[in-house]
Amino acid sequence: MRHFMSTVRPILAVLNRTALYLAGLGIVAMTLIIGWQVFGRYVLNDTPSWSEPLSLHLMSWFILLGAAVGVRESVHLGLDLVHHMVSPAVQRLMDQISLGLITLFGIAMTYYAILLAAGTWSARIPVLGWPGGVDFIPMIVGGVLIALFAAERFVDVSLGQEVTDVVVLTEIA
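No experiment lies behind these values; they were computed from the predicted model shown.

Caption draft 1: Expanded view of the overall build of the protein. Helices and strands together make up the secondary structure of the protein, namely six helices and zero strands. Its helices and strands in sequence order give the protein the pattern α-α-α-α-α-α, from N to C terminus. The C-alpha radius of gyration of the protein comes to 20 Å, more than 25% above the 16 Å expected for a compact globule of 173 residues. Considering the protein as a whole, with its 173 residues, one finds that 35% of them fall into the buried category. By sequence separation, contacts in the protein at least 24 residues apart represent 72% of the contacts at least 6 residues apart. Of the roughly 10400 Å² of accessible surface on the protein, 74% is carried by carbon and sulfur atoms.

And the structure:
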């Protein structure tokens, strides 16, 4: 399993870095779109109708990609007080339960987002002209990444390897 993880880890690192950069690009793009909307409304007296739905769509992307990156880099919210007060064996069990639930959540989110996308694909987003199911693609991609990154951490904890901090620092350097 350790060999498999050392083979898969660089692929997951590329996915993580790509998700992080895409999330950052999404924030910048949304900021520019909202800036154009404000300029159009108050200076040109002609608000672009496409700006709000497009910026909301971009927001879905950067929130879900950022959440996936947070799972891999272990920077998501947590209550560590109890975790640090128990023995290392109980800490490991708590981590396995938590990461197992996060993995299941990512899988469920992906599954139900696929159902939602399929069910709304024939509808159209009026202003953008896109199929309605496009709104659920960020949930599908985010769910897959959350499940992958949580599963990676689950395996690391199960093997007794806490490599998350080392991986992040190595990838940044």
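What follows continues from the structure just given.
Caption draft 2: The UniProt feature "transmembrane region" (unreviewed entry) in the protein, seen in detail. According to UniProt, the "transmembrane region" (unreviewed entry) feature falls on residues 20-39, 59-79, 99-121 and 127-151. Counted over residues 99-121, helix gives 96% and strand 0%. Its end C-alpha atoms are 32 Å apart. For residues 127-151, helix accounts for 60% and strand for 0%, while the C-alpha atoms at its two ends are 39 Å apart.

Caption draft 3: Main features of helix α5 (residues 137-158). Helix length check: α5, at 22 residues, gives a terminal C-alpha distance of 31 Å against a target of 32 Å (1.5 Å per residue), a fit within 8%. Remark: Gly160 follows α5 within two positions and exhibits a positive phi of approximately 80 degrees.

Caption draft 4: Representation of the nonpolar core. The biggest cluster of nonpolar side chains holds 22 residues, and the ones touching the most others in it are Val71, Ile102, Leu145, Ile146 and Phe149. When contributions to this core are tallied by element, the ones reaching two or more residues are α1 (2-42), α2 (51-72), α4 (88-120) and α5. Here the element with the most residues in this core is α2; it accounts for eight residues. When neighbours within four sequence positions are excluded, Val71 is seen to be in contact with His76, Ile102, Ile146, Phe149, Ala150 and Arg153.

Caption draft 5: Quick peek at the pattern of salt bridges. Scanning the model with the defined rule gives three salt bridges in all. Measuring nitrogen to oxygen at the nearest pair gives 2.8 Å for the salt bridge that ties Glu152 to Arg9. Taken as a pair, Glu152 in helix α5 and Arg9 in helix α1 lie far apart in primary sequence, 143 residues in all. For the pair formed by Glu152 and Arg9, the shared burial category is buried. Where Arg72 meets Glu152, a salt bridge forms, and the shortest distance between an N and an O atom there is 2.8 Å. Of this pair, Arg72 sits in helix α2 while Glu152 sits in helix α5, and the two are 80 residues apart along the sequence. The pair formed by Arg72 and Glu152 is uniform in burial state, with each residue classed as buried. A single network of salt bridges, built from pairs that share partners, joins Arg9, Arg72, Glu152 and Asp156.

Conventions adopted
Residues numbered from 1 in each chain as written. Predicted model: local features only at pLDDT ≥ 70, side-chain atom pairs only at ≥ 80, totals over all residues. Heavy atoms only, no water. Helix = DSSP H or I, 4+ residues; strand = E, 2+ residues; numbered from the N terminus. Rg over C-alpha atoms; globule rule 2.2 N^0.38 Å. Buried < 20%, exposed > 50% of the residue type's maximum accessible area, 1.4 Å probe, protein only. Contact = heavy atoms within 4.5 Å. Areas by Shrake-Rupley, 256 points an atom, 1.4 Å probe, with all protein chains shown as cover. UniProt positions renumbered as here; feature names shortened; annotations may be inferred. Expected span 1.5 Å × (residues − 1). Core = buried A, V, L, I, M, F, W, Y, C linked by side-chain atoms within 4.5 Å. Salt bridge = Lys/Arg side-chain N within 4 Å of Asp/Glu carboxyl O.

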